[in-house]
Amino acid sequence: MTSPTAAPTPTTDTHCPYCSLQCGMRLGDGVGGVPEVLERPDFPVNRGALCGKGRSAPALLSRDVRLTGPLLRDRPGGPLRAAGWAEALDRVADGLARARERHGPDSVGVFGGGGLTNEKAYLLGKFARVVLRTANIDYNGRFCMSSAAAAHRRAFGLDRGLPFPLEDIPHTGCLILVGGNPAETMPPAMRYFRELRENGGTLIVVDPRRTRTAELADLHLQPRPGGDLALALGLLHVVIADGLVDKEFVSERTTGFEAAREAAMAHWPDRVERITGVPAHQLREAASLFGTAESGMVLTARGPEQQSKGTDTVGAWINLCLATGNSGRPYAGYGCLTGQGNGQGGREHGQKADQLPGYRSIEDPAAREHVAAVWGVDPASIPGAGKSAYDLLDDLGRPDGVRVLLLAGSNPAVSAPNAGHVTERLRALDLLVVADLVLSETARLADVVLPVTQWAEEDGTTTNLEGRVILRRRAFDPPEGVRSELWVLRELAARLGVATGFPVDAEEAFDELRRASAGGDADYAGISYRRIAAEDGVFWPCPAEAHPGTRRLFLDRYATPDGRARFAAVTHRPAGEEPDAEYPLYLTTGRVLAQYQSGAQTRRVAELTRAAPGPFVELHPRLAERLGVADGELVAVTSRRGRAVAPARITDAIRADTVFMPFHWPGAGRANSLTNPALDPVSRMPEFKVCAVRVERAEQKVTP
Amino acid sequence: MTPRIAVVGGGMAGARFAERYGALGGPGTVTVYGAEPRAPYNRVLLADVLTGRYDAESIALPLGGAEARPGCEVVDLDPAARTLGLADGTVEPWDELVLATGSNPVLPPVRGLRRPDGFGLAEGVHTLRTLEDCGRLADEAVTAKRAVVIGGGVLGVSAALAFAALGVRTEIVHQGPYLIERQLDCEAAEVLRERLLALGVETYPRNRVRAVHGGEKISAVELANGYRLDCDLVVLACGARPRTSLAYGAGLPVGTGIRVDDRLAVSGNVSAIGDCAEHRGTVHGLAGPAWEQADVLARRLSGADPDARYTGSLQRARLSTGDLEYAAFGTVNETLDPGLDVLRIADATRGTYKKLVLRGDRLVGAILLGDLATVDALAGAFESDGPLGGHPLHLLTRGESR
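Because the structure is predicted, anything quoted here is derived from the model rather than measured.

*Asks:* Can you tell me about the UniProt feature "domain: FAD/NAD(P)-binding" (unreviewed entry) in chain B, naming the residues and giving the values?
*Replies:* The UniProt record annotates "domain: FAD/NAD(P)-binding" (unreviewed entry) at residues 4–281 of chain B. Secondary structure across residues 4–281 of chain B divides into 22% helix and 30% strand, with the first and last C-alpha atoms of the span separated by 30 Å.

*Asks:* Tell me what's going on with the domain arrangement of chain A, and back it up with residues and numbers.
*Replies:* Residue and element names in this part refer to chain A. Domain boundaries assigned for chain A yield domain 1 (11–60), domain 2 (72–143 + 342–505), domain 3 (162–337) and domain 4 (585–697). For domain 1 and domain 4, the distance between their C-alpha centroids amounts to 30 Å. With both chains or domains summed, domain 1 and domain 4 bury close to 790 Å², and 67% of this area falls on carbon and sulfur atoms. Counting the contacts that link domain 1 with domain 4 gives 0 salt bridges. Here domain 1 and domain 4 share 2 residue pairs in polar contact (both at pLDDT 80 or more) between them. Looking at the side of domain 1 that touches domain 4 residue by residue, the classes come out as 4 nonpolar, 2 polar and 1 charged.

*Asks:* Can you lay out the side chain of R16 of chain B for me, pointing to particular residues and giving the numbers?
*Replies:* For R16 of chain B, the location among the structural elements is in helix α1 (residues 12–23). With residues up to four places along the chain from it excluded, the contact list for R16 of chain B reads R271 of chain A together with W291, A294 and D295 of chain B.

*Asks:* Tell me about helix α7 (residues 287–302) of chain B, residues and numbers included.
*Replies:* Over its 16 residues, α7 of chain B runs 22 Å from end to end, which matches the ideal 22 Å to within 8%, given 1.5 Å per residue. Within α7 of chain B, 12 of the 16 residues are buried, which leaves it mostly tucked inside the rest of the structure. Among all positions in α7 of chain B, only A287, P289, A290, W291, Q293, A294, V296, L297, A298, R300, L301 and S302 of chain B are buried. At its buried positions, α7 of chain B is contacted by α11 (269–276) of chain A together with α1, β7 (96–99), β19 (265–267), β20 (270–272) and β21 (277–279) of chain B. Two residues or fewer past α7 of chain B, G303 of chain B is found with a positive phi of approximately 90 degrees.

*Asks:* With reference to specific residues and values, describe the sheet that holds β20 of chain B.
*Replies:* Residues and elements named next belong to chain B. Spatial strand order, β3-β2-β1-β7-β20-β19: 6 strands in an open sheet with mixed pairing. Of all the strands in the sheet, just β3 (67–69) and β19 have a single pairing partner and so form its edges. Taken pair by pair, the neighbouring strands of this sheet meet at an average axis angle of 25 degrees, ignoring direction. Here β7 pairs with β20 via 3 bridges, running parallel. Counterpart to V98 in the pairing with β20 is S271. In the packing of α1 onto the sheet, contacts are made with β1 (4–8), β2 (29–33) and β7, and the angle to β1 comes to roughly 155 degrees.

*Asks:* Pulling in residues and values, what's your account of the pairing of strand β24 (residues 341–347) of chain B?
*Replies:* Regular strands have side chains that alternate between both faces of the sheet. All names here are of chain B. Bridge count for β24 against strand β25 (residues 352–359) is 7 bridges, and the pairing is antiparallel. In the sheet register, D341 faces β25, and the bridge partner there is L358. Where β24 hands over to β25, the hairpin turn is made up of 4 residues, of which G351 adopts a positive phi near 70 degrees.

*Asks:* Before we move on, could you go through the interface of chain B and chain A and cite the residues and values that matter?
*Replies:* For an interface, size is often stated in terms of accessible area lost upon the parts coming together. Chain B puts 38 residues into the contact, and the matching count from chain A is 32 residues. For the pairing of chain B and chain A, the buried interface totals around 3,000 Å² over both sides, and the portion due to carbon and sulfur atoms is 44%. Taking the shortest distance from any N to any O, the salt bridge between R316 of chain B and E273 of chain A comes out at 3.6 Å. Connecting chain B to chain A are 13 residue pairs in polar contact (both at pLDDT 80 or more). Among the elements of the structure, α1, α7, β22 (316–321) and α8 (375–384) of chain B are those that each provide at least two residues to the side of chain B that touches chain A.

*Asks:* A description of the nonpolar core should follow, citing residues and the corresponding values.
*Replies:* Counting 216 residues, the largest nonpolar core has F127 and W317 of chain A together with F17, L84, L99 and F163 of chain B as the members making the most contacts within it. Of all the elements, helix α8 (residues 228–241) of chain A adds the most residues to this core, at 10 residues. Here F163 of chain B is in contact with L50, L137, A141, A147, V149, V168, T170, L233 and V235 of chain B, once residues within four sequence places are set aside. Among the nonpolar cores identified, the runner-up in size contains 53 residues, and F43, F164, L175 and L177 of chain A belong to it.

*Asks:* Can you explain the state of the cysteines? Please cite residues and give values.
*Replies:* Under the defined criterion, the tally for this structure stands at 0 disulfides over all chains. Not part of a disulfide, C19 of chain A finds its nearest cysteine sulfur in C23 of chain A, a span of 6.1 Å. Among the residues examined, C19 of chain A registers a relative accessible area of 10% and is labelled buried. C238 of chain B takes part in no disulfide bond, and the closest cysteine sulfur, belonging to C231 of chain B, lies 14 Å away.

*Asks:* Explain the domain arrangement of chain B residue by residue, including any values.
*Replies:* Residues and elements named next belong to chain B. Partitioning chain B into domains gives domain 1 (4–104 + 240–302), domain 2 (125–236) and domain 3 (316–397). Contacts between the two partners involve 17 residues from domain 2, matched on the other side by 18 residues from domain 3. For the pair domain 2 and domain 3, the summed buried area comes to about 1,400 Å², and 65% of that belongs to carbon and sulfur atoms. Contact with domain 3 buries area across many residues of domain 2, yet Q183, D185 and R195 alone supply 39% of it, more than any other trio. If you look at where domain 2 meets domain 3, you find 2 salt bridges. Between K355 and D185 there is a salt bridge, with the nearest N and O atoms lying 2.7 Å from each other. For the pair domain 2 and domain 3, the number of links is 5 residue pairs in polar contact (both at pLDDT 80 or more). For the side of domain 2 that touches domain 3, the elements supplying multiple residues, two or more each, are α4 (154–165) and α5 (186–198). For the side of domain 2 that touches domain 3, the element with the most residues is α5, which contributes 6 residues. Of the residues contributing to the side of domain 2 that touches domain 3, the split by class is 11 nonpolar, 2 polar and 4 charged.

Rules of the game
Per chain, residue numbering runs from 1 following the sequence as it is written. Here the convention is simple: chains get letters from A, ligands get numbers from 1, in the order in which they are written. Predicted model: local features are reported for residues with pLDDT of at least 70 only, side-chain atom pairs are reported and counted for 80 or more only, and whole-chain, interface and lining totals are derived from all residues. Just so you know, side-chain values use all the structure's heavy atoms and leave hydrogens and water out. UniProt positions are given in the numbering used here, feature names are shortened, and annotations may be inferred rather than shown by experiment. The secondary structure listing takes helices from DSSP runs of H or I that are at least 4 residues long and strands from runs of E that are at least 2 residues long, numbered from the N terminus. Segment limits for the domains were obtained from an automatic or database-derived domain assignment. Accessible area that two parts lose when put together, with a 1.4 Å probe and added across both, is what the buried area reports. By convention in these notes, a salt bridge is any Lys or Arg side-chain nitrogen within 4 Å of a carboxyl oxygen on Asp or Glu. Polar contacts here mean pairs of N or O atoms no more than 3.5 Å apart (in protein, one a potential hydrogen donor and the other a potential acceptor; neighbouring residues in sequence count only if both atoms are side-chain atoms). Note on residue categories: nonpolar means Ala, Val, Leu, Ile, Met, Phe, Trp, Tyr, Cys or Pro, charged means Asp, Glu, Lys or Arg, and polar means any other residue, Gly included. Residue contacts are counted whenever heavy atoms from the two residues lie within 4.5 Å of one another. One fewer than the residue count of a helix, multiplied by 1.5 Å, yields its expected span. Only protein chains enter the area calculation, which uses a 1.4 Å probe; residues under 20% of their type maximum are buried, those over 50% are exposed, and those in between are partly exposed. A pair of strands is considered paired only if DSSP assigns at least 2 bridges between the two. Only C-alpha atoms enter the line fits that serve as axes; for helices the fit covers just the stretch in contact. Angles between N-to-C directions range over 0 to 180 degrees. Joining through side-chain atoms within 4.5 Å is the link that ties buried Ala, Val, Leu, Ile, Met, Phe, Trp, Tyr and Cys residues into a set, and such a set is a nonpolar core. Cysteine sulfur atoms are paired as a disulfide whenever they fall within 2.5 Å.

So this is what it looks like as C-alpha cells:
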C-alpha cells in the first residue's frame, strides 16, 4: 500500500523515538537533504497520526544540537575537551579495570534506560554480568514501570503492559484510566478513547488534575495525590455491596478473594471519601458504571504507580477487575500504559538488577544456567541481584558503593527523585562515563562523554506498550564521530579482555537475544526482523517461528503455577510524606504535551521549546489568593529536600490542596529537586507523585 | 521473647489495631478476644446489612495475621499479674493489653421494655448493635407492619431508613428538640424530617416514650403525652455508654470511659481505644476517631513510631444512605457564640440545606444536607484550619467548588 503523501525519494518505515506508543512513521530525505517525517497510515497502532514531538524528531539529527565526537575531562573540575575514540575508550576501560582491581567488581556500575532498544538493553546487561562481573546494573525504568510490573507478576504471574492490543479499547463497555494523561503524553492514542465513547462506552478518569484527558471523560474522579489505593478499595467495596461481583469468574479463575474482600470492607464509602476527597456519591456512580458494564478495563499510568505504595495500588485496581470478571476475556482487563519508548522491552532483557533476559529471575538456578549457556560462561560467574536504581544512585562514590559508573540513555540529574542529592552523588564518582546523543545535564557532569547514534541512524527493536515487538530502521548515516552503543560495548569488552560475544550488527544481537529469552516469560524465540516487518510487529510471548504471537493474554489461563489470577490483600496507607503544618500542600509532578521526560531531547527542538518554554507551578485560584500570587509571578516551592522556583500558572483544574510541576527542566525550576525518594518496598519505585511542600511568593527574580 | 498482645474486644477499634499492628511489622503476636460469636466485622455497615444490601458473611474485617478468639468473653483482668480471665475459667497471660471493649446500648427508663422476668428485652424490642441484633430484626421485619424507633440520633435515623426500605411503616420518637441534635442544627433537622416523611417515616421530636405495651408480643408504645403508636417492632437507639466494667473492676481509672493519655495508655502496659476510651474528657463514640486511635496505638506498640501521640479528632459526621445524605463538620450551632458568622443556603423544593459557620475568615463548622457536591472542598477547608481565601460561597456551590 502506498501512502498518497509518500515522497518520490526512497523512504524508510520506522517508528518514533519517543514514548511507548512507538508510532509508525516514514522517513524521507526531504527537500535539500533535510530529513522529513511522513505518515505511515498502514501501521495499526497510530494509523498515520503523530504528535508534535514525533513530527519534529528529525531536528535532533542536526549537528547543531547534538554531540559529534567524544569529550574528555582531564582533571576533576576541569573543562570537557574534544578527544578521539581510542583515547576516550582507553580512558574508560582503564578506569573500569582499575576500580575492579582496587575495590572489586561491584565497585563498577551500569545505569541504563527505558529508551534503549532491546538489543542495547540486552547487551548492556550482558556486558555488566560477563565483562564487568558486577551485580550493580539497573535503569531508569525503575522510576517508570516497576510498580506495575511487580503488581502484574503478583496477580497474573507475568508482566506485559497491556494484555490486549490498543484496538480492543473502543470495544469495552467502561474504561477507568487512573493517573494517566495520554492527551498530552501520547496524543495519537486518544483516538481509541474517543472511539470508545462514540461506541457508547463510558470513560472514567481518575486524576488530581482536570487534565485534557479528564476533560473528555464521562466522569472525572479527583482524589488527593496518594488516594488511588483507597479509591480502588472503595470501588471494590461498593461493587461487593451492590452485588456486582462475578462469582463464577472469582471461583473458577482466581484465588485470594476473601482476603481482598476483607480489606475492601475496611474501606467503606464515607471513609474513602475522607481519605481521598472523592465524594461517596461519585464513588457509587463509578462503581455502578464499571460494575454493570458488559465489559470493563482499568488502565493505570504513572499516577498510581510512582508512589511508595505503587505495587499495592496497582494490585487494588487489578482486584477491581478480577472481582467483576473483567480479566482473561476479550475487551476486558487490567493494563498499564508504559512510559518510555522501550519501557516494556527495556525491562525484559537484563537491564534490571534482579533479572536476566527473557524476564528471568537472576536468583533462579535454571534461568542462570540457560542464559550462561547462551553466553558461553559458567553459571556461577553470573553475579546475583544488585541494587535498584535509587539505591544505586544514592550509593555512588561512597567507600563501599559504586566508584565508576557507565550510564546510557538516561538523565538522572534531572529525572531522578531528590535530584540535587543525586547530582552530588554523581559528582562524587571516581569516573562517570555517559553515552548520549546530546550533552544532557548528566553528560555535563561526566569525565568521559561518548556520542552515540539515535533512532533514525540505527537498526533495532523496541517493544511497545502492547507487548508488540517492532523494528526501527536505519534511514540516515550518523555524523562521522558518532558510534552505536553496540560498537562501544564491543570495543570496551575487547579492551577488558572479552574478545567475542558483543555483535555490532543489531539483527545479530537480536538473534542472540531470542535464544537467551527462549523459554522465559518474555519469550522472543519466534520473532525475527523479517516477521516484524511483514506482520506490523509481533506480540510476545512467541516461542517459535510458527507461533502467531500472543495478542491477548490470559484467555485460557494465567501465568501463575495454578493458572489462576491472585487477588492482593492490600489496605490503604499514607504516602511517605503527608502535608503538615510546615509543609501544608501536596506536590505532584508530571509531563506536558510538547516535552518528553528530562527534556534532554525535546528542549533542543525549537518548535517544542516555543510551545513549552519552561517550568511552571500550577495552583488553584483560592490558593493563589491566599498566597497573594498573580498568574505568571514567580513562586518558590520548598520541600524537605530542596527548593524550586518557577512562574505560577493559576487554574481551577487542580485541587486547592495540591500544586503541580512538570519535571522536564533543570536549574532553578527543577521539580525533582523537591521529590521524595521514598521507595515502594516491593518495586523500589520512588514516590515522584506525592510529597509535602510549602509554596510562597518568590521575593526576587531568579535566573534558571 | 515475642511479646504477647491481647486485644479485648473484637469491634471496629480492636480489629483496626490488629490489622495495623500486623501491617506495620509489629514483632508481637496479637490475639483478639471478642464476646460476640463471630470474628470482627464492620459495624458501621449494620443498617445496610439489615436491608440486605450486604450479606452478613461479607462484612468481615481484616486482622493482619492476628488470632481471632470469637465467643471469648473476658470477665476478669489483673494488670499486676498481666493476665486476663475468660468466661470459661481459663487464664491468659499478656505483655501488652489493649482494651477495645466498645459500648453498650443505653436502655431508656420505659415501662414494659424488659421481659417480665427482668432478663433481656421484651419480645419485639431490639437494639441494633451487633450482627445478631441485625439477624433478629431482619427476620421480624419480614412480618412486621409497623415499627417504632426510639431515639432520633444517627443510628435511629439509619434504622428507620432501613425499615422504610424494607417496606415497614416506621415512626421515630425522639426526646431531643430535633433529629440528630448532636450533629445538625434545627433547620437541617427540619429538612431531614421532611425528607424522611417523603420516604414514609414519621418523626415525633420532643416526645418521650413512657411505656411499651403488649404481653407475649408488643402491640404499641405509649408516649408521655398519652398518645399511643400501634406497632409490632421497637428498636432502641438511645445512644451508647462505654463498657468500662472490666477496667473498673481491675482498678483502672474510669470516668465516663476508660481514661487514657495522649499515648492512649491507661497505666503500665494497658491501653484503651475506641468507644470505651475517654481522651481529654471526650468519648467519641464514632468509627472515625476509633480508627485514628487504633492507628496511633498500632504505630506506638509496633515500634514503627514509639512516640506516636493522639491529640484528638476533628468532629466530622457523615450519613450516606441511598439518596439521603449529609455531612457535618465541627460547630454547627452558632447561637451559642456571638462571635460566629453564618452563611446559609436552603432549597425547600430540592430538599437541600447548606450552612457554613465562620469565625472571621476561618471555617469552624458546616452542614451539607441533600447536596454533597462540595463535600471535598469543605472537608479540605475544615481540616486545613487556615484562612479560606476567596468568598466562602465556593464551599457551598458546585460551580465554584473546583
